[in-house]
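# Secondary and tertiary structure notes
Listed below, chain by chain, are the residues.
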Amino acid sequence: MATVSGDYITRDEQWGAHNYHPLPVVISEAEGAWVTDVDGNRYLDFLSGYSALNFGHRHPDLIRAAHEQLDRLTLTSRAFHNDQFGLFCEELATLTGTEMVLTMNTGAEAVESAIKVARKWAYEVKGVEFDSAEIIVAAGNFHGRTTTIVSFSDDPVAHDNYGPFTPGFVTVPYGDADAVRAAIGPNTAAVLMEPIQGEAGVIVPPEGFWASVREACDENNVLMIADEIQSGLARTGELFALDHEGVRADLYTLGKALGGGIVPVSAVVGRRDVLGVLKPGQHGSTFGGYPVACAVGRAVVELLDKGDFQERSAELGAHLHQRLNDLTGLGIAAVRGRGLWAGVDIDPTNKTGREVSMALRDQGVLCKETHERTLRIAPPLVITREEIDHAIDALAAALKA
Ligand SMILES: *Cc1c(COP(=O)(O)O)cnc(C)c1O
């Protein structure tokens with residue numbers, strides 16, 4: 001590639017660890033739903049940093065909050081109080097209808113924290129035999145990349161050669177409430193699942209699944225933990241994907257969009273009697289709940305509290321899904337998802353996901369495959385109806401080309 005981009009890509013490959021396989025586009029500026037590369041080409045963002053950019057790139061309210069905080073105070077450590085932490089926790093708990101907030105940085109840390117809390121709760125409150133707690137997880141799950149979390153991943157790429165693995169996880173098929181019920185035993189601390197599986201290809205479980213899991217958890221004194229790191233915060237047209245089911249979890253893990261695409265912010269939110277098992281010194285993170293994270297997080301909560309993004313996602317999502325469904329049989333085998341979030345299976349006789357992503361890039365639309373033949377579509381929720389049409393026209397052309 002005789003462009004400026006080529007130089008950057010060569011350098012990335014020489015000096016950066018090769019744990020990703022990015023599309024060959026080097027972004028240097030962005031605003032709203034659009035990004036610009038170092039060669040001056042503009043692209044419509046149809047991925048949103050895997051839902052970390054739900055409010056678009058550089059939303060003015062979020063940028064303002066970050067700037068104001070940078071000019072006042074960045075880090076105190078939790079050795080001292082700061083004037084943003086308590087407000088962030090209060091506002092996030094109020095928004096989510098929960099009682100307590102544990103702040104961390106990355107999604108994986110939130111999931112790790114939820115696992116630790118569930119185990120501690122099992123021993124100290126439920127009375128599970130020491131070192132025997134079990135957590136039920138789903139096949140096809142994605143919860144992050146730490147050694148404990150990849151211990152219960154069944155994706156060989158994420159899992160293989162990272163052992164010895166952390167025990168204490170029981171895997172059942174996703175969306176099978178009877179299997180969840182059958183897997184619950186005296187040592188079960190929790191059920192941990194994504195309300196909609198993102199990385200697996202935006203898999204929506206059958207209707208009634210979550211209500212049945214809730215019932216099984218209630219009957220057996222088992223915690224229900226919803227990993228809403230990708231599905232939550234307006235992505236599906238509600239604050240939580242679980243809200244579509246009218247079901248409440250005991251703990252929610254949040255991340256990605258919680259940091260507004262500016263700083264890594266994650267949290268576990270939920271019941272006071274569960275998060276309350278943590279006492280001083282028993283868990284923590286140097287940056288977890290630091291002032292910049294809290295200031296940006298508060299601005300995110302304020303945007304979500306208005307409900308506009310949830311509404312946009314529901315309305316425009318219906319349009320997106322209709323346009324995608326119109327392409328079934330024309331290069332698309334299946335479409336799944338909810339709101340402005342879709343898993344699109346490409347017809348096996350057509351291109352691979354990577355090839356379609358490349359063809360889309362050439363047409364000025366950025367998205368990315370997950371697994372071999374599935375595209376994950378998750379535009380920023382600031383996208384317009386016309387921009388969606390533009391991207392779907394490009395997709396139709398990419399599938400035909
Ligand atoms: C992205 C993601 C995570 C991990 O978040 P990181 O910030 O990458 O550690 C966990 N769970 C789900 C459902 C995710 O989509």
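Computed from a predicted model, the values in this text were never measured in an experiment. (Residues numbered from 1 in each chain as written. Predicted model: local features only at pLDDT ≥ 70, side-chain atom pairs only at ≥ 80, totals over all residues. Heavy atoms only, no water.)

Now for the overall build of the protein chain. When you go through the protein chain residue by residue, the secondary structure sums to 14 helices and 15 strands. A compact globule built from 401 residues would reach a C-alpha radius of gyration of about 21 Å, and the protein chain, at 21 Å, matches this within 12%. On the principal axes, the C-alpha backbone points of the protein chain span a range of 60 × 50 × 45 Å. Going through the 401 residues of the protein chain one by one, you find that 54% of them count as buried. Long-range pairs, those at least 24 residues apart, make up 71% of the contacts in the protein chain between residues at least 6 apart in sequence. Accessible area for the protein chain stands at about 17500 Å²; split by element, carbon and sulfur atoms hold 51% of it. Here the protein chain contributes 33 positively and 55 negatively charged side chains, and the mean placements of these two sets differ by 2 Å. (Helix = DSSP H or I, 4+ residues; strand = E, 2+ residues; numbered from the N terminus. Rg over C-alpha atoms; globule rule 2.2 N^0.38 Å. Buried < 20%, exposed > 50% of the residue type's maximum accessible area, 1.4 Å probe, protein only. Contact = heavy atoms within 4.5 Å. Areas by Shrake-Rupley, 256 points an atom, 1.4 Å probe, with all protein chains shown as cover. Lys, Arg positive; Asp, Glu negative; His and termini not counted. Charge placed at Lys NZ, Arg CZ, Asp CG, Glu CD.)

Around the ligand sit Thr-106, Gly-107, Ala-108, Phe-142, His-143, Gly-144, Glu-194, Asp-227, Ile-229, Gln-230 and Lys-256, and that is every residue in its neighbourhood. A distance of 2.8 Å separates an oxygen atom of the ligand from a polar backbone atom of Ala-108. Taking Gln-230, its side chain carries an N or O atom lying 2.7 Å from an oxygen atom of the ligand. Here the ligand, which alone exposes 380 Å², has 81% of that area covered by the protein. When grouped by side-chain class, the residues that make up the shell around the ligand number three nonpolar, five polar and three charged. (Near = heavy atom within 4 Å. Polar contact = N/O pair within 3.5 Å; in protein donor to acceptor, adjacent residues only side chain to side chain. Nonpolar A, V, L, I, M, F, W, Y, C, P; charged D, E, K, R; others polar.)

In this structure, Thr-352 sits in the loop between strand S12 (342-346) and helix H13 (353-362). For Thr-352 and Val-170, which are 182 residues apart along the polypeptide, the C-alpha to C-alpha distance reads 33 Å. In contact with Thr-352, other than residues within four places in its own chain, are Ile-346, Glu-372 and Arg-373.

What follows is about the domain arrangement of the protein chain. Here the domain parsing of the protein chain yields domain 1 (1-45), domain 2 (60-305) and domain 3 (308-365). In this structure, domain 2 and domain 3 have C-alpha centres spaced 28 Å apart. Contact with domain 2, which involves 18 residues of that partner, is made by 12 residues of domain 3. Between domain 2 and domain 3, the buried area comes to about 1300 Å², and carbon and sulfur atoms account for 62% of it. Linking domain 2 with domain 3 are one salt bridge. With its nearest N and O atoms 3.1 Å apart, the salt bridge here joins Arg-338 to Glu-245. (Domains from an automatic or database assignment. Buried area = accessible area lost by both parts, 1.4 Å probe. Salt bridge = Lys/Arg side-chain N within 4 Å of Asp/Glu carboxyl O.)

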